[in-house]
Amino acid sequence: METTQKKWKPLKKSGNHSKKVETTQKKWKPLKKSGNHSMRYKQNLEDYMKIEIHSLQETQEFATKMADLCRNKQLVITLDGDLGAGKTTWTKSFGKALGVKNVINSPTFTILKDYKQEGGVPFHHIDAYRLEGKCQDLGFEDCFDEGITVVEWSEFIENQLPQDHIKISFEEGIDENRTVTLEYTGPVSKSIVEAYHD
């Protein structure tokens, strides 16, 4: 939320969440609520939205809704945020909603773990944390060409990512509060982000 030298016009409260819309040049358009999530959408940068999450349950609900929208697609999703921000927790809920039966753990040391979605469709989980400063090509393109791939710490393999992917960034707040930025970079990811908006 931008707060420097800007005036805010309070809107009606919805449940326990209050929404605000910026009244200066950069305007916020209030969106429909998804579950208990309060969301804001920046009109002059229409490639992303922000979601406020207040509990583990809301994180799981967010992941489940994204899984419903991503099912049966070939897609890469990047997850970024500090340690403990919720990236692996989100991935576990996302994979479970896609029908993954195995326990999903962060592949910090193996870098890549492969699973199967419902119907045998591949689900790849990459943790690129240990690749910081390394330039070798580990063949991730093969993963990106099939099923769904979730990449944690994607900034360390940014040059290997497909152009069209969804970016999810987690910013920690107090306790279980998180601000999540959901961003698209191409036509497929755009259709999913816009469907989440609707």
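The structure this text deals with has already been given above.
What counts and what doesn't
Residues numbered from 1 in each chain as written. Predicted model: local features only at pLDDT ≥ 70, side-chain atom pairs only at ≥ 80, totals over all residues. Heavy atoms only, no water. Helix = DSSP H or I, 4+ residues; strand = E, 2+ residues; numbered from the N terminus. Contact = heavy atoms within 4.5 Å. Areas by Shrake-Rupley, 256 points an atom, 1.4 Å probe, with all protein chains shown as cover. Phe/Tyr/Trp six-rings, centres within 6.5 Å; stacked < 30°, edge-to-face > 60°. Buried < 20%, exposed > 50% of the residue type's maximum accessible area, 1.4 Å probe, protein only. Axes fitted to C-alpha atoms, helices over the stretch in contact; angles between N-to-C directions. Parallel < 35°, antiparallel > 145°, perpendicular 65-115°, else oblique. Left-handed = near helix turned anticlockwise from the far one by under 90°. Nonpolar A, V, L, I, M, F, W, Y, C, P; charged D, E, K, R; others polar. Polar contact = N/O pair within 3.5 Å; in protein donor to acceptor, adjacent residues only side chain to side chain. Patch = residues over 30% accessible without salt bridge, like charges linked within 9 Å, V, L, I, M, F, W, Y side chains within 5 Å. Salt bridge = Lys/Arg side-chain N within 4 Å of Asp/Glu carboxyl O. Lys, Arg positive; Asp, Glu negative; His and termini not counted. Charge placed at Lys NZ, Arg CZ, Asp CG, Glu CD.

Turning our attention to the overall build of the protein. When you go through the protein residue by residue, the secondary structure sums to 4 helices and 11 strands. In the protein, 51% of the contacts between residues at least 6 apart in sequence involve partners at least 24 apart. For the protein, the exposed area adds up to about 10700 Å²; of that, 47% sits on carbon and sulfur atoms.

Okay, the packing of aromatic side chains next. All told, the structure shown has 8 aromatic pairs when counted by the stated rule. For the pair phenylalanine 94 and phenylalanine 123, a centre-to-centre distance of 6.0 Å together with 45° between the ring planes defines the contact as tilted. Of this pair, phenylalanine 94 sits in helix H2 (residues 87-97) while phenylalanine 123 sits in strand S8 (residues 122-127), and the two are 29 residues apart along the sequence. By relative accessible area, which is 0% here, phenylalanine 94 ends up buried. In textbook terms, an aromatic cluster arises when at least three aromatic residues are bridged by ring pairs, as seen for Phe62, Trp90, Phe94, Tyr115, Phe123 and Tyr196.

What follows deals with the packing of helix H1 (residues 56-70) against helix H4 (residues 187-197). Running from N to C, H1 and H4 cross one another at 130°; their axes reach a closest spacing of 10 Å. Put simply, H1 runs oblique to H4. Every pair of crossing elements has a handedness; the one defined by H1 and H4 is right-handed. Only Ile192, Ala195 and Tyr196 of H4 make contact with H1, whose side of the interface consists of Phe62, Lys65, Met66, Leu69 and Cys70. Residues that form the contact of H1 with H4 fall into these classes: 7 nonpolar, no polar and 1 charged.

So, on to the environment of threonine 78. One can find threonine 78 in strand S6 (residues 75-80). Spatially, the C-alpha atom of threonine 78 lies 4.9 Å from that of lysine 167, the residues being 89 residues apart in sequence. Apart from residues lying up to four places away in sequence, threonine 78 is in contact with Val151, Ser154, Leu161, His165, Ile166, Lys167 and Ile168.

So, on to the packing of H1 against H2. Where H1 contacts H2, the axes come no closer than 8 Å and their chain directions differ by 45°. It follows from the interaxial angle that H1 and H2 lie oblique. The chirality of how H1 crosses H2 is right-handed. Residues Leu56, Thr59, Gln60, Phe62, Ala63, Thr64, Met66, Ala67 and Cys70 of H1 pack against Thr89, Trp90, Ser93, Phe94 and Ala97 of H2. Grouping the amino acids of the contact of H1 with H2 by side-chain chemistry returns 9 nonpolar, 5 polar and no charged.

With respect to the helices and strands, the residue serine 154 is situated in the loop between strand S9 (148-152) and strand S10 (166-172). Residue serine 154 is classed as buried on the basis of its relative accessible area, which comes to 5%. Side-chain polar atoms of serine 154 contact the side chain of aspartate 80, separated by 3.0 Å.

Turning next to H2. Two residues of an α-helix separated by three or four positions point the same way, owing to the 3.6 residues in each turn. Within the span of H2, buried status applies to Lys87, Thr88, Trp90, Thr91, Ser93, Phe94 and Gly95. Buried residues belonging to H2 abut H1, S6, S8, S9 and S10. Phi turns positive, to about 100°, at glycine 99, one or two residues after H2.

Below, the discussion takes up a negative patch on the surface. Where like charges cluster on the molecular surface, the negative patch consists of Asp114, Glu141, Asp142, Asp145 and Glu146. The residue glutamate 146 is located in the loop between helix H3 (140-144) and S9 in this model.

The next thing to look at is the environment of serine 93. By the element assignment, serine 93 lies in helix H2. Given the relative accessible area of 12%, serine 93 is considered buried. Along the primary structure serine 93 and glutamate 61 are separated by 32 residues, whereas in three dimensions their C-alpha atoms are 8.3 Å apart. Apart from the residues within four sequence positions on either side, serine 93 is in contact with Gln60 and Ala63.

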